[in-house]
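# Structural description and commentary
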Amino acid sequence: SFGQTAEEYFSSGNDKADAKDYYGAIADYTKAIELNPNYAYAFLGRGISKFQMIPNDLSGAINDISRAIDINPNSEIFYKDRALIKAESGDTSGALDDLTKSIEINPNFPNAYIERGKLKQKLKDHSGAVVDFQRLIDLLPKWDRPYQLIAESYMVLNDATAAMSSYEKAYSIDPTPSIAPFYAYQASAIKAELNDFVGAISWYTKTIDAAYSNGDDRFNLLIKQSFKYRGSCQEKIGNLIAACADWKKAAELGDTDAAGWVANQCN
């Protein structure tokens, strides 16, 4: 290591952090700081490594990132990263302040909006969360995740129509089987709750198709529930033959309610 520069130690620290060797990363970042006491990103890297190591050092992580902010007070990234650690430590007020400062520095910084919105959700400030997630949607209209998050807050705020529209939008952005079954199922359930049974049937069908395309066992419950509730919607619009077909499938998948309905209502 003879003659290494601060930049070389910093680069080595990054490599070790990427490999989850956080203690080694901290040692290299410390050497970089010894060579350059104003190396803001070395303080940031060391702080994040202190946060990620097991057991973590939250106070040490906050102190390091605070030092990075002292050196460079105009970095939205530094404030956002310190906010995440403050939130983990239980300092939600400090975390909100840091995220707000991050946004003041860069009003177009998506990461700060999503983290502030999620933190507001945890604090039950769903109206505030909606504002942040809507701003995130304005910045990244082709990302499905903000629509899911805003839908969750709309549901708490009893705005089922807005929640349904958000889940539909999330599905339209990312209809791939990896996440689509969840989006489609949520839209289906809300449509059924709003007595849009024809719309619910359509979306339960999307759920089933996407879940089968995915092939992941974690969607088995969604498939069973979708057959069950699609059958209920079919019954409500007077299509008992289709309802029985769905209930029989749900019963085959282990749903006892559906099995009872088949026994009582289907030939």
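Summarised in this report is the structure supplied together with it. (Residues numbered from 1 in each chain as written. Predicted model: local features only at pLDDT ≥ 70, side-chain atom pairs only at ≥ 80, totals over all residues. Heavy atoms only, no water.)

### Remarks on unusual backbone geometry
A cis amide bond, omega -5°, links I54 with the succeeding residue P55. Looking at where P55 falls in the secondary structure, it is placed in the loop between α3 (40–52) and α4 (58–71). Its identity is not glycine, yet K124 carries a phi of approximately 70°, on the positive side. Within the secondary structure, K124 is located in the loop between α7 (110–122) and α8 (126–139). (Helix = DSSP H or I, 4+ residues; strand = E, 2+ residues; numbered from the N terminus.)

### Overview of the packing of aromatic side chains
Considering all chains together, one arrives at eight aromatic pairs under this definition. A centroid spacing of 5.9 Å and a plane angle of 50° characterise the contact between F10 and Y29, whose relative ring orientation is tilted. Of this pair, F10 sits in helix α1 (residues 6–18) while Y29 sits in helix α2 (residues 22–35), and the two are 19 residues apart along the sequence. A connected cluster of aromatic rings, assembled from ring pairs, spans F10, Y29 and Y39. K206 extends its terminal NZ or CZ atom over the ring of W203, reaching a point 5.1 Å from the ring centre. (Phe/Tyr/Trp six-rings, centres within 6.5 Å; stacked < 30°, edge-to-face > 60°. Lys NZ or Arg CZ within 6 Å of the ring centre and 35° of its normal.)

### Some words on the state of the cysteines
In the structure shown here, the tally under the stated rule is one disulfide. For C244, the disulfide goes to C266, at an S-S distance of 1.9 Å. Measuring handedness by torsion sign, the sulfur bridge of C244 and C266 sits at about -90° and is left-handed. In this pair, C244 is assigned in helix α14 (residues 240–252) and C266 in the segment after α15 (256–265), connecting sequence segments 22 residues apart. (Disulfide = S-S within 2.5 Å.)

### Notes on the side chain of D246
Structurally, D246 is set in helix α14. Using a relative accessible area of 5% as the deciding quantity, one classes D246 as buried. Residues in contact with D246, not counting those within four places in the same chain, are F227, R230, G231 and Q234. (Buried < 20%, exposed > 50% of the residue type's maximum accessible area, 1.4 Å probe, protein only. Contact = heavy atoms within 4.5 Å.)

### Notes on the packing of α3 against α4
Direction vectors running N to C along α3 and α4 enclose 165°, while the axes themselves pass 8 Å from each other. As summarised for this structure, α3 and α4 are arranged roughly antiparallel, according to the angle between their axes. When the axes of α3 and α4 are compared, the crossing they make is left-handed. Counted together, A40, F43, L44, R46, G47, I48, K50 and F51 of α3 and L58, G60, A61, D64, I65, R67, A68 and I71 of α4 form the full contact between these two elements. Looking at the contact of α3 with α4 residue by residue, the class counts come to 10 nonpolar, two polar and four charged. (Axes fitted to C-alpha atoms, helices over the stretch in contact; angles between N-to-C directions. Parallel < 35°, antiparallel > 145°, perpendicular 65-115°, else oblique. Left-handed = near helix turned anticlockwise from the far one by under 90°. Nonpolar A, V, L, I, M, F, W, Y, C, P; charged D, E, K, R; others polar.)

Everything listed here is a matter of geometry and, on its own, says nothing about what the molecule does.
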